[in-house]
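# Summary of the model geometry
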Amino acid sequence: MSGKPSHEGRGTPPEGTPRVSRAWRPEGTRVRVGRVELGGPGFVVMAGPCAVEGMEQTEQTALAVAAAGAHVLRGGVFKPRTSPYSFQGMGEPGLRVLAEAARKVGLPIVSEVMESTQLPLMEDYVDLLQVGARNMQNFPLLRALGKVRKPVLLKRGLAATVQEWLLAAEYVLDGGNDQVILCERGIRTFETATRNTLDLAAVAVAKLRTHLPVIVDPSHATGEPELIQPMALAAAAAGADGLLIEVHPRPEQALCDGQQALTPERFQQLMRRLPGVLHAVDRHLWRPELPAQVAGAR
Ligand code: PEP
Ligand code: MN
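Reading guide: rules and limits
Residues numbered from 1 in each chain as written. Chains lettered and ligands numbered in written order. Predicted model: local features only at pLDDT ≥ 70, side-chain atom pairs only at ≥ 80, totals over all residues. Heavy atoms only, no water. Helix = DSSP H or I, 4+ residues; strand = E, 2+ residues; numbered from the N terminus. Rg over C-alpha atoms; globule rule 2.2 N^0.38 Å. Buried < 20%, exposed > 50% of the residue type's maximum accessible area, 1.4 Å probe, protein only. Contact = heavy atoms within 4.5 Å. Areas by Shrake-Rupley, 256 points an atom, 1.4 Å probe, with all protein chains shown as cover. Lys, Arg positive; Asp, Glu negative; His and termini not counted. Charge placed at Lys NZ, Arg CZ, Asp CG, Glu CD. Axes fitted to C-alpha atoms, helices over the stretch in contact; angles between N-to-C directions. Parallel < 35°, antiparallel > 145°, perpendicular 65-115°, else oblique. Left-handed = near helix turned anticlockwise from the far one by under 90°. Donors = N, O, S within 2.8 Å, 3.2 Å for Na, K, Ca; no water. Phe/Tyr/Trp six-rings, centres within 6.5 Å; stacked < 30°, edge-to-face > 60°. Near = heavy atom within 4 Å. Polar contact = N/O pair within 3.5 Å; in protein donor to acceptor, adjacent residues only side chain to side chain. Nonpolar A, V, L, I, M, F, W, Y, C, P; charged D, E, K, R; others polar. Expected span 1.5 Å × (residues − 1). Arc of directions from axis to C-beta. Pairing = 2+ DSSP bridges.

### As for the overall build of the protein chain
In terms of regular secondary structure, the protein chain is built from 10 helices and 11 strands. A compact globule built from 298 residues should have a C-alpha radius of gyration of about 19 Å, and the protein chain, at 18 Å, falls within 12% of that. Overall, the C-alpha framework of the protein chain stretches about 50 × 50 × 40 Å when taken along its three principal axes. The buried share of the protein chain, taken over its 298 residues, is 53%. The contacts in the protein chain between residues at least 6 apart in sequence include a share of 70% that link residues at least 24 apart. A total accessible area of about 13,000 Å² is found for the protein chain, and carbon and sulfur atoms account for 54% of it. Averaging the coordinates of the 33 positive side-chain charges in the protein chain and doing the same for the 31 negative ones gives two points 3 Å apart.

### Concerning the packing of helix H8 (residues 225-237) against helix H9 (residues 264-280)
As a packed pair, H8 and H9 sit with axes 9 Å apart at the nearest point and diverge in direction by 25°. Here H8 lies roughly parallel to H9, going by the angle between them. In the packing of H8 onto H9, the handedness of the crossing is right-handed. In this structure, H8 uses Pro225, Glu226, Gln229, Ala232, Leu233, Ala236 and Ala237 to contact H9, whose residues at the interface are Arg266, Gln269, Leu270, Arg273, Leu274, Val277 and Leu278.

### Description of the coordination of the manganese ion (ligand 2)
Put simply, a metal with four donors set out as a tetrahedron has ideal angles of 109.5 degrees, and one with six donors set out as an octahedron has ideal angles of 90 or 180 degrees. Looking at the metal site, the manganese ion (ligand 2) is ligated by Cys50 (SG), His220 (NE2), Glu246 (OE) and Asp257 (OD), spaced 2.1 to 2.4 Å from it. Sequence spacing among the residues donating to the manganese ion (ligand 2) works out to C-x169-H-x25-E-x10-D. Placement of the pair is glutamate 246 in strand S10 (residues 242-246) and aspartate 257 in the loop between S10 and H9, with a sequence separation of 11 residues. With respect to burial, glutamate 246 and aspartate 257 carry one shared label: buried.

### Digging into the packing of aromatic side chains
If you walk through the whole model with that rule in mind, you get 1 aromatic pair. Between the aromatic rings of phenylalanine 139 and tyrosine 171, the centroid separation amounts to 4.6 Å while the plane-to-plane angle is 25°, which identifies the pairing as stacked. In this pair, phenylalanine 139 is assigned in helix H4 (residues 139-145) and tyrosine 171 in helix H5 (residues 162-174), connecting sequence segments 32 residues apart.

### Considering the site of ligand 1
If you check the shell around ligand 1, you find Cys50, Arg74, Lys79, Glu112, Gln130, Gly132, Ala133, Arg134, Lys155, Arg185, His220 and Glu246 and nothing else. Between ligand 1 and lysine 79 there is a distance of 2.9 Å, counted from an oxygen atom to a side-chain nitrogen or oxygen. In this structure, an oxygen atom belonging to ligand 1 sits 3.2 Å away from a side-chain N or O atom of glutamate 246. Look at ligand 1: alone it shows 300 Å² of surface, and the protein chains cover 97% of it. In the shell around ligand 1, the residues fall into 2 nonpolar, 3 polar and 7 charged.

### Considerations on H8
The terminal C-alpha atoms of H8, which comprises 13 residues, lie 19 Å apart, in line with the 18 Å expected from a rise of 1.5 Å per residue. Inspection of H8 places Pro225, Ile228, Gln229, Ala232, Leu233, Ala235 and Ala236 among the buried residues, and these make up the whole buried set. On an axial view of H8, the arc spanned by its buried residues comes to 155°, and they lie on one face. Considering only its buried residues, H8 is in contact with strand S3 (42-48), helix H6 (200-209), strand S9 (214-216), helix H7 (218-222), S10 and H9. Directly after H8, the chain includes glycine 239, whose backbone phi takes a positive value near 105°.

### Quick word on the pairing of S10
Of all 5 residues in S10, 5 are buried; the element is thus mostly enclosed. Residues Gly242, Leu244 and Glu246 of S10 are buried on one face, and the alternating residues Leu243 and Ile245, pointing to the opposite face, are buried as well. As judged from the 5 bridges shared by S3 and S10, these two strands associate in the parallel manner. For methionine 46, the partnering residue across the bridge sits in S10 and is leucine 244. As judged from the 2 bridges shared by S9 and S10, these two strands associate in the parallel manner. Pairing of isoleucine 215 across the sheet is with glycine 242, part of S10.

Set out below in structure tokens:
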């Protein structure tokens, strides 16, 4: 298969068939983030700090995750915090820091957009626009994202059913943007042993019912470094197309979500274990596809 995004399933689907449904595009949709591609055999790892805090922290993290084999650099500059007194993110200066760090290590960037007025600015810096869990049903934002020419990472809401999550994605596709990646990040349940409850079955359901790539964020789903590796490996085994993981060089000093940040060493260990699990389910860590001629001569 060529590395180009799919162009099947365009036009208007038959009455009653949502645009996100697998029936509408059975071959699946490939989503491009910079030169990286999701939705094919390659498994994509996105990693970096919860929040961009400054040049040194961001560069150190970027270097560490790139060296360990991550494919996309994450980092929030607009942070949706529960308390208005918590660190709200660096804003535009943070985007410049993130872009500079990403350029040095050659990785594309994912970062959260909180409202549509931020889009023109974000589009200049970011390769993948993240919609946070708290914004999953911000319909004006979803409509605006239907009109941009950048891919969208749509996190599942804290208390959203799979159906509500997929209908949120439908808004973006209906607006004309089919480059959508779904992200399961844990939901709120009666269970308090973990920060949220990772719903791995929802990953399998979303893969079955839609043609969109699905990734898992085991950092917010568990809230605890010890639990991130086992859940990341389980996500790979369950058919996810990638991971979104928080990493910080000094978790105890982090301005946001330090309690769940992996150290670079822990992240490296996870990256060493992933290929074995991926191999068992006929997948591999993403790597550039060889030109057809070279692949044929192998
Ligand atoms: C984040 O990725 O840092 C974040 C705020 O995630 P979520 O929206 O899933 O809580
Ligand atoms: Mn976070």
